[in-house]
Amino acid sequence: GEHKKGIEKLVLSHPKFFKPFLSKQIRAHPELAAIYSNTLTLTNVYSDNKTYNKIPNSIEAYLDCRLLPETDEVEFIKDIKKRLKNDSISVNITEQTARTFPSGKQNIYYQNLKKAIKLNYAGAEVISLIMPNLNDLGVFREKGIPCYATIPVYFSRDEVETIHNVDENISIKSLYQGTQVYYDFIELMLE
């Protein structure tokens, strides 16, 4: 909202107030829904069954859950159990990153990254938002290392839809432009 005007600025600056309107718009675009909601993805299913015509005694399923910072994990698991409606299914956390918060904008790292992006993309606006890979950076943030999950490239809509998919791709031109942003960032840090 900080880079828009009029009604767009109002709506984007106060998303909770406009949630009923925004929810429908966001749900229509799965790539956006992952930014604004908790996600749960089945990543693995395992059983000790070695034959195809026998029901196994037990099955393990692994879920990758990406939770928004304000989400209580205990309540999240209670909700999963409630939705399963089966007391014989147990739900456990096998691995968890520490709860961390986004790195600040008032430091040399953010400021130089912003400058490097603007050097390479005329008219670009740099905004802060929580991305699904926020969790991936938690290991560093836990140790006090500022992290910024940026891929400073231009993605077409088709490229965005291939992220973490079978045909994930990025154009060669975008790859070189993104590399230049990182090169310029390093140069700015050395000054």
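Notes on the structure follow. Predicted, not measured: the structure shown is a model, and the values here were computed from it.

Looking at the overall build of the chain
Per the secondary structure count, the chain includes 8 helices and 2 strands. Secondary structure elements of the chain, listed N to C terminal, follow the sequence α-α-α-β-β-α-α-α-α-α. Computed over its C-alpha atoms, the radius of gyration of the chain comes to 21 Å, more than 25% above the 16 Å expected for a compact globule of 191 residues. Along the first, second and third principal axes, the C-alpha atoms of the chain reach 65 × 40 × 35 Å. A burial count over the chain gives 22% of its 191 residues as buried. A total of about 15100 Å² of accessible surface is found on the chain, and carbon and sulfur atoms cover 57% of it. Considering the chain, the positive charge centre built from 24 side chains and the negative charge centre built from 24 side chains are found 7 Å apart.

Section: the environment of S23
Among the secondary structure elements, S23 is positioned in helix α2 (residues 19-27). Judged by its relative accessible area of 16%, S23 is buried. In this structure the C-alpha to C-alpha distance between S23 and Y36, which are 13 residues apart in sequence, comes to 9.1 Å.

A closer look at the nonpolar core
Counting 10 residues, the largest nonpolar core is built from Y110, L113, A116, I117, Y121, V126, V153, V181, F185 and L188. Going through the elements one at a time, α5 (108-120) and α8 (172-190) are the ones with two or more residues in this core. If you tally residues by element for this core, the top one is α5, at 4 residues. With residues up to four places along the chain from it excluded, the contact list for V126 reads H3, Y110, K114, I117 and K118.

Comments concerning the pattern of salt bridges
Inspection of every chain in the model, using the stated rule, returns 4 salt bridges. We note a salt bridge from R66 to D64, for which the minimum N-O separation is 3.1 Å. A relative accessible area of 30% places D64 in the partly exposed class. Here R83 makes a salt bridge to D79, at a shortest N to O gap of 2.9 Å.

A look at a nonpolar patch on the surface
Where nonpolar side chains cluster on the molecular surface, the patch consists of L40, L42, V45, I59 and L63 and spans about 460 Å² of accessible area. Elements with a minimum of two residues in the nonpolar patch: β1 (39-47) and β2 (59-66). Here the nonpolar patch gets 3 residues from one element, more than from any other, and that element is β1. Within the fold, L40 resides in strand β1. What makes L40 partly exposed here is its relative accessible area of 42%.

Some details on the packing of α5 against α8
Between α5 and α8, the least distance of the axes is 8 Å, while the angle of their chain directions is 135°. With respect to α8, the element α5 is oriented oblique. Taken as a pair, α5 and α8 cross one another with a handedness that is right-handed. Contacts from I108, Y109, N112, L113, K115, A116, I117, L119 and N120 in α5 reach Q177, Q180, V181, D184, F185, L188 and M189 in α8. Partitioned by chemical class, the residues of the contact of α5 with α8 number 10 nonpolar, 4 polar and 2 charged.

What counts and how
Residues numbered from 1 in each chain as written. Predicted model: local features only at pLDDT ≥ 70, side-chain atom pairs only at ≥ 80, totals over all residues. Heavy atoms only, no water. Helix = DSSP H or I, 4+ residues; strand = E, 2+ residues; numbered from the N terminus. Rg over C-alpha atoms; globule rule 2.2 N^0.38 Å. Buried < 20%, exposed > 50% of the residue type's maximum accessible area, 1.4 Å probe, protein only. Areas by Shrake-Rupley, 256 points an atom, 1.4 Å probe, with all protein chains shown as cover. Lys, Arg positive; Asp, Glu negative; His and termini not counted. Charge placed at Lys NZ, Arg CZ, Asp CG, Glu CD. Core = buried A, V, L, I, M, F, W, Y, C linked by side-chain atoms within 4.5 Å. Contact = heavy atoms within 4.5 Å. Salt bridge = Lys/Arg side-chain N within 4 Å of Asp/Glu carboxyl O. Patch = residues over 30% accessible without salt bridge, like charges linked within 9 Å, V, L, I, M, F, W, Y side chains within 5 Å. Axes fitted to C-alpha atoms, helices over the stretch in contact; angles between N-to-C directions. Parallel < 35°, antiparallel > 145°, perpendicular 65-115°, else oblique. Left-handed = near helix turned anticlockwise from the far one by under 90°. Nonpolar A, V, L, I, M, F, W, Y, C, P; charged D, E, K, R; others polar.

By themselves these figures say nothing about function.
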